[in-house]
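# Breakdown of the fold
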Protein chains: 2
Amino acid sequence: MSDKPISQLVIKRLPIYYRYLGELSEKGIERISSKELAQRMGGTASQIRQDLNNFGEFGQQGYGYNVDYLRSEIGKILGIDREQTIIIIGTGNLGQALANYDFGSVGFKLIGLFDVNPRLYNLVINGVEILPVDSLPEFIAANKVDVATLAVPRSRAKEMAKELEDLGIRAIWNFALTELDVSDRVSVSNMHLDDGLMTLSYNYRQNQDK
Amino acid sequence: MSDKPISQLVIKRLPIYYRYLGELSEKGIERISSKELAQRMGGTASQIRQDLNNFGEFGQQGYGYNVDYLRSEIGKILGIDREQTIIIIGTGNLGQALANYDFGSVGFKLIGLFDVNPRLYNLVINGVEILPVDSLPEFIAANKVDVATLAVPRSRAKEMAKELEDLGIRAIWNFALTELDVSDRVSVSNMHLDDGLMTLSYNYRQNQDK
């Protein structure tokens with residue numbers, strides 16, 4: 001592996017490979033060539049080989065890739081081979097939907113749910129009790145939290161993100177429809193759902209105009 | 001505007017500009033230079049100018065961009081200046097969270113909700129009644145549906161997507177954790193939430209190793 005930082009575009013494709021290889025494995029498929037992988041996923045065989053070559057040698061000339069091995073190696077690169085802990089702040093509809101997600105499938109363990117609404121306190125989702133958001137400092141001091149999920153309203157998000165950074169959180173999975181102002185010590189993954197809807201609108205209209 | 005197809009990378013940045021300009025407008029900011037826009041959003045001024053030049057001339061040398069005008073032009077490019085209709089298939093936690101989304105803010109109107117669970121029929125969310133998924137063909141024949149949202153379990157998604165294509169749907173906003181096998185007549189926006197979590201895991205670990 002070279003010391004050069006890997007492009008975020010490559011990093012963003014790794015979860016797609018990971019999920020796709022999981023589907024192949026479920027179907028009992030043991031090996032696959034970069035060409036077949038490209039045909040099924042879109043893109044070219046050479047792009048796939050280039051992407052994976054960033055991290056080492058996974059394939060064999062004339063044999064292709066071992067599906068389970070490649071998937072497990074990609075999991076290691078993504079860091080999801082080791083259990084990481086996650087909390088969710090904001091347990092409205094979206095927060096509750098996220099709380100029901102099968103985090104174990106990507107190596108995460110949900111350990112905390114937080115809300116400002118007293119009517120939700122003590123409600124248990126996916127085995128985890130909803131706590132007052134005021135108890136966050138105490139909770140984070142007592143528990144190792146790898147990732148904090150922000151599912152709060154847009155108006156509360158920037159302030160909450162800063163508070164999380166002050167509390168020592170270094171990774172935020174952001175569902176609030178705004179950009180966060182945190183320092184570069186904090187990794188942020190913005191899940192702006194409406195971005196997908198807007199790009200879909202663009203592509204749909206382009207397709208119709210053909 | 002050139003006839004060359006615009007890169008999907010540029011298209012994906014448009015919603016970020018759109019949202020960001022909306023935030024500036026809310027703050028009463030009337031104009032902004034590409035340099036300031038770059039500083040606030042990350043990236044470089046020249047990238048922003050290049051992105052926007054794909055679609056025409058929006059800025060003025062020495063003046064910068066008019067925030068509201070640029071936002072409205074980006075909205076036109078994205079096709080969200082005209083009302084588009086959207087339905088949601090699958091009204092579990094995630095589907096219900098999506099149903100509560102403020103679609104109007106991106107030019108969409110929610111007109112249908114569908115589920116297989118009879119206990120959910122007639123429940124009204126955001127002013128829209130949940131109907132049996134069996135009534136989809138009739139509904140789509142009677143109503144112009146621009147976008148279908150897939151919030152069904154992974155195991156049902158591929159089949160449902162094909163059915164939607166057969167019914168004439170040409171845009172799918174896909175939240176099921178699988179790729180869809182539809183023809184290229186159908187525009188698909190994959191909202192694989194766990195992709196964001198996996199890339200976050202990677203960046204978080206890289207940051208920690210520094």
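You'll find the structure just up there.
Quick caveat: nothing in here was measured; it's all calculated off a predicted structure.

## Overview of the sheet that holds strand β3 (residues 84–89) of chain B
On the basis of which strands lie adjacent, the open sheet formed by seven strands has the order β5-β6-β4-β3-β7-β8-β9 (chain B) and mixed pairing. The open sheet is flanked by β5 (124–125) and β9 (187–190) of chain B, the only strands paired with a single partner. Both β3(B) and strand β7 (residues 147–150) of chain B contribute to a ladder of four bridges, which runs parallel. In the strand pairing of β7(B), B:Ile89 is matched with B:Leu150. Strand contacts of helix α8 (residues 193–209) of chain A: β3, β4 (108–115), β7, β8 (171–174) and β9 of chain B, with the helix running at about 165 degrees to β9(B), the strand carrying the most contacts.

## Overview of the packing of helix α1 (residues 8–26) of chain A against helix α4 (residues 67–78) of chain A
Residue and element names in this part refer to chain A. Direction vectors running N to C along α1 and α4 enclose 150 degrees, while the axes themselves pass 9 Å from each other. As judged from the angle between their axes, α1 and α4 are roughly antiparallel. You can see that α1 and α4 cross each other, and the crossing is left-handed. The residues of α4 that touch α1, namely those facing Leu14, Pro15, Tyr17, Tyr18, Leu21, Gly22, Leu24 and Ser25, are Val67, Asp68, Leu70, Arg71, Ile74, Gly75, Ile77 and Leu78. Here the residues of the contact of α1 with α4 sort into 11 nonpolar, three polar and two charged.

## A closer look at the side chain of A:Arg19
Tracing the sequence through the fold places A:Arg19 in helix α1. When neighbours within four sequence positions are excluded, A:Arg19 is seen to be in contact with B:Leu177, B:Thr178, B:Glu179, B:His192, B:Asp194 and B:Asp195.

## Structural notes on the sheet that holds strand β6 (residues 128–132) of chain A
Sheets are built from strands paired through backbone hydrogen bonds, the pairs being either parallel or antiparallel. In spatial order, the strands read β5-β6-β4-β3-β7-β8-β9 (chain A); together these seven strands make up an open sheet with mixed pairing. In the strand order of this sheet, the two ends are held by β5 (124–125) and β9 (187–190) of chain A, each with one partner. Contacts from helix α7 (residues 154–166) of chain A reach β3 (84–89), β7 (147–150) and β8 (171–174) of chain A, with the element oriented near 170 degrees to β7(A). Against the sheet, helix α8 (residues 193–209) of chain B engages β3, β4 (108–115), β7, β8 and β9 of chain A, with an angle of about 165 degrees to β9(A).

## So, the packing of aromatic side chains
All names here are of chain A. According to the stated counting rule, one finds eight aromatic pairs over all chains in the structure shown. The interplanar angle of 85 degrees and the centroid separation of 5.0 Å between the aromatic rings of tyrosine 101 and phenylalanine 103 together place this pair among those described as edge-to-face. A relative accessible area of 14% means that tyrosine 101 is categorised as buried. What links up through ring pairs into an aromatic cluster is the set Tyr101, Phe103, Trp173 and Phe175. The positively charged end of arginine 71 is found above the aromatic ring belonging to tyrosine 18, 4.1 Å away from the centroid.

Here is what the cut-offs are and how they apply
Residues numbered from 1 in each chain as written. Chains lettered and ligands numbered in written order. Predicted model: local features only at pLDDT ≥ 70, side-chain atom pairs only at ≥ 80, totals over all residues. Heavy atoms only, no water. Pairing = 2+ DSSP bridges. Helix = DSSP H or I, 4+ residues; strand = E, 2+ residues; numbered from the N terminus. Contact = heavy atoms within 4.5 Å. Axes fitted to C-alpha atoms, helices over the stretch in contact; angles between N-to-C directions. Parallel < 35°, antiparallel > 145°, perpendicular 65-115°, else oblique. Left-handed = near helix turned anticlockwise from the far one by under 90°. Nonpolar A, V, L, I, M, F, W, Y, C, P; charged D, E, K, R; others polar. Phe/Tyr/Trp six-rings, centres within 6.5 Å; stacked < 30°, edge-to-face > 60°. Buried < 20%, exposed > 50% of the residue type's maximum accessible area, 1.4 Å probe, protein only. Lys NZ or Arg CZ within 6 Å of the ring centre and 35° of its normal.

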